[in-house]
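Listed below are the residues making up each chain.
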Amino acid sequence: MCSRTARPATAQQSLALGTLGGLCIAVSLVSAVSYTANLLTDGHLPPRSVSTPSIALATGVLALLTCGLRRARRLLIMICCGFTVLSVDRLAHSTATDHAAIAFLLAASVYAVPAWPEMKVVLSRGRASAMVERQEHHAGLLAGELHDEVLQLLALTRRRLDAARALDDPGALRAAMEDASRTLDEQAGTLRRIIATVSPATVQGLGLAESVTFLAGQIAAENGLVVDVDVQGDRPHAGTGENGVNLAVYRVAQEALTNVVKHADARRITVALTCRDEDISLTVTDDGRGLGPNPPRATEGYGMQGMRWRCEAYGGTFSARTADTTGTVVRAVFPLRTCRKTRAS
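Rules of the game
- Residues numbered from 1 in each chain as written.
- Predicted model: local features only at pLDDT ≥ 70, side-chain atom pairs only at ≥ 80, totals over all residues.
- Heavy atoms only, no water.
- Buried < 20%, exposed > 50% of the residue type's maximum accessible area, 1.4 Å probe, protein only.
- Helix = DSSP H or I, 4+ residues; strand = E, 2+ residues; numbered from the N terminus.
- Pairing = 2+ DSSP bridges.
- UniProt positions renumbered as here; feature names shortened; annotations may be inferred.
- Axes fitted to C-alpha atoms, helices over the stretch in contact; angles between N-to-C directions.
- Contact = heavy atoms within 4.5 Å.
- Expected span 1.5 Å × (residues − 1).
- Core = buried A, V, L, I, M, F, W, Y, C linked by side-chain atoms within 4.5 Å.
- 1 Å grid on protein atoms, 1.4 Å probe; cavity = no way out; pocket = protein on both sides within 12 Å on 5 of 7 lines; lining within 4 Å.
- Points joined across faces, edges and corners; volume = space filled by probe spheres on them.
- Nonpolar A, V, L, I, M, F, W, Y, C, P; charged D, E, K, R; others polar.
- Polar contact = N/O pair within 3.5 Å; in protein donor to acceptor, adjacent residues only side chain to side chain.

Chemist: Describe in detail the pairing of strand β3 (residues 279-286), supporting the description with residues and values.
Modeler: The side chains of a regular strand alternate between the sheet's two faces. The buried fraction of β3 is high, at seven of eight residues. Alignment of strand β2 (residues 268-275) against β3, held across seven bridges, turns out to be antiparallel. When the bridges of β3 are listed, L273 appears paired with L282. Counting the residues that bridge the hairpin from β2 to β3 gives three residues. When β3 meets strand β5 (residues 328-335), the two strands line up antiparallel, connected through seven bridges. The partner of S281 across the bridge, within β5, is V333.

Set out below in structure tokens:
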């Protein structure tokens, strides 16, 4: 049976519109820079510039996509009208059309002040669509794990109990009940693991260093690996100062260890966690097959992209490379000063 859940149509539509909006914003910005350079070079309105129809088209599409933000839509319409007039002026070469274009663009520049708060929302929708995509991906993984591990085994246990009851054999029924009891205990552990994955309360209760150490021990016990944890720094037991960044570091460690278990075919993992006042650094090294020579970022999977995104969201840096001998080295650094500013904003 297929365990992958289809994303809702609303989420797919939101992602598609967000991608289209991001493309329009990129075209608008590049064309605006090109138009400005052309204007400064020629010293007058350059009606023959190819950037004018590009800006008109991109801002027009953005105006259609901007729902519920009236001021932002009006501003985009003004810009679209101004550059549409400039595009038409490529054929007319009329002073009146130049004046009309200037009027639209001047009105847009004045109206940009009250419309700027809504325009910031429009400009940030590309990142929002990326967040929606990641959330849908993780929701699909969670649904697949619940379907494959929990639901399937519970259904199998139910069928075994029904079959034993139909035999009217007390011994068979007793054996089926004992088997069902063991299955329920196993699935209770699976559910606890999934809950800890979704919301790791250990980060708030134990602190970052203890949580990463507990996670490493759990990974080692479940998969027969040797996982060494090295905690250093002058604040290894800080637990409540930076809960947001602590959770981000924990998630990166969790994803890095999961990737090693799934893909690296490794036997030994080393987790180095350094907690200082100025930053927190995490390095996960394994002795597996490695990533290959200079893997391009375009081929990164969701797990690697998620780790990189968590680091960049807090102003940090992320790298993944093949080790000098064998295996993979994943390193993430979170500057706490930047993290505090991010949390405050």
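Chemist: Describe the UniProt feature "transmembrane region" (unreviewed entry) in the protein, and please don't skip the residues or the numbers.
Modeler: Taking the UniProt record as the reference, the feature "transmembrane region" (unreviewed entry) is found at residues 48-68 and 99-117. Overall, residues 99-117 shows 100% helix and 0% strand. The separation of its end C-alpha atoms is 29 Å.

Chemist: I'd like a rundown of the sheet that holds β5, residues and numbers included.
Modeler: Sheet architecture is open: five strands sit in the order β1-β2-β3-β5-β4, paired in mixed fashion. Both edges of this open sheet fall to β1 (226-232) and β4 (317-322), since each of them pairs with a single strand only. This sheet shows a mean twist of 10° between the axes of neighbouring strands, independent of strand direction. Inspection of the sheet shows β4 paired to β5 by six bridges, in the antiparallel sense. Bridged to S319 within β5 is R331. Packing of helix α8 (residues 208-223) onto the sheet brings it into contact with β1, β2 and β3, and relative to β1 it is tilted by some 170°.

Chemist: Pulling in residues and values, what's your account of helix α2 (residues 51-65)?
Modeler: If you check α2, its first and last C-alpha atoms are 21 Å apart, about what 15 residues at 1.5 Å a residue would give, namely 21 Å. Within α2 the residues assigned to the buried category are S51, T52, I55, A56, A58, T59, G60, L62 and A63.

Chemist: Residue-level account of the nonpolar core, with values.
Modeler: Across soluble globular proteins, nonpolar side chains have a tendency to be buried as a group. Membership of the largest hydrophobic core comes to 36 residues, with the highest contact counts inside it found for L208, V249, I269, V271, L273, L282 and F334. Going through the elements one at a time, α8, α9 (243-264), β2, β3, α10 (302-313) and β5 are the ones with two or more residues in this core. Core analysis: the next-biggest nonpolar cluster, separate from the first, contains 14 residues, I25, A63, A72 and M119 among them.

Chemist: Could you give me a rundown of α8, with the residues and numbers involved?
Modeler: Along an α-helix, residues three or four positions apart point the same way, because every turn accommodates 3.6 residues. Spanning 16 residues, α8 covers 22 Å between terminal C-alpha atoms, matching the ideal 22 Å at 1.5 Å per step. Every buried residue belonging to α8 is among L208, A209, S211, V212, L215, A216, I219 and A220, and all of these are buried. Remark: G224 follows α8 within two positions and exhibits a positive phi of approximately 65°.

Chemist: Can you explain unusual backbone geometry? Please cite residues and give values.
Modeler: The bulk of non-glycine residues show a negative phi, and the bulk of peptide bonds are trans. Its identity is not glycine, yet D265 carries a phi of approximately 55°, on the positive side. Given the relative accessible area of 62%, D265 is considered exposed.

Chemist: Which residues make up the layout of surface pockets, and what values do they have?
Modeler: In this structure, the second largest pocket occupies an estimated 380 Å³ of space. Contributing to the lining of the second largest pocket are 19 residues, with S28, L29, A32, T59 and I79 lying nearest its centre. Among the secondary structure elements, those contributing two or more residues to the lining of the second largest pocket are α1 (9-42), α2, α3 (70-92) and α4 (95-123). Broken down by element, the lining of the second largest pocket gets its largest block of residues, eight residues, from α4. Tallied by class, residues from the lining of the second largest pocket come to 16 nonpolar, three polar and no charged.

Chemist: If you had to explain the side chain of T283 to someone new, which residues and values would you point to?
Modeler: In this structure, T283 sits in strand β3. The class of T283 is buried, set by a relative accessible area of 15%. Here the side chain of T283 touches R331 through a polar contact of 2.9 Å, side chain to side chain. Filtering out sequence-adjacent residues up to four positions away, T283 remains in contact with T270, V271, A272, V329, V330 and R331.

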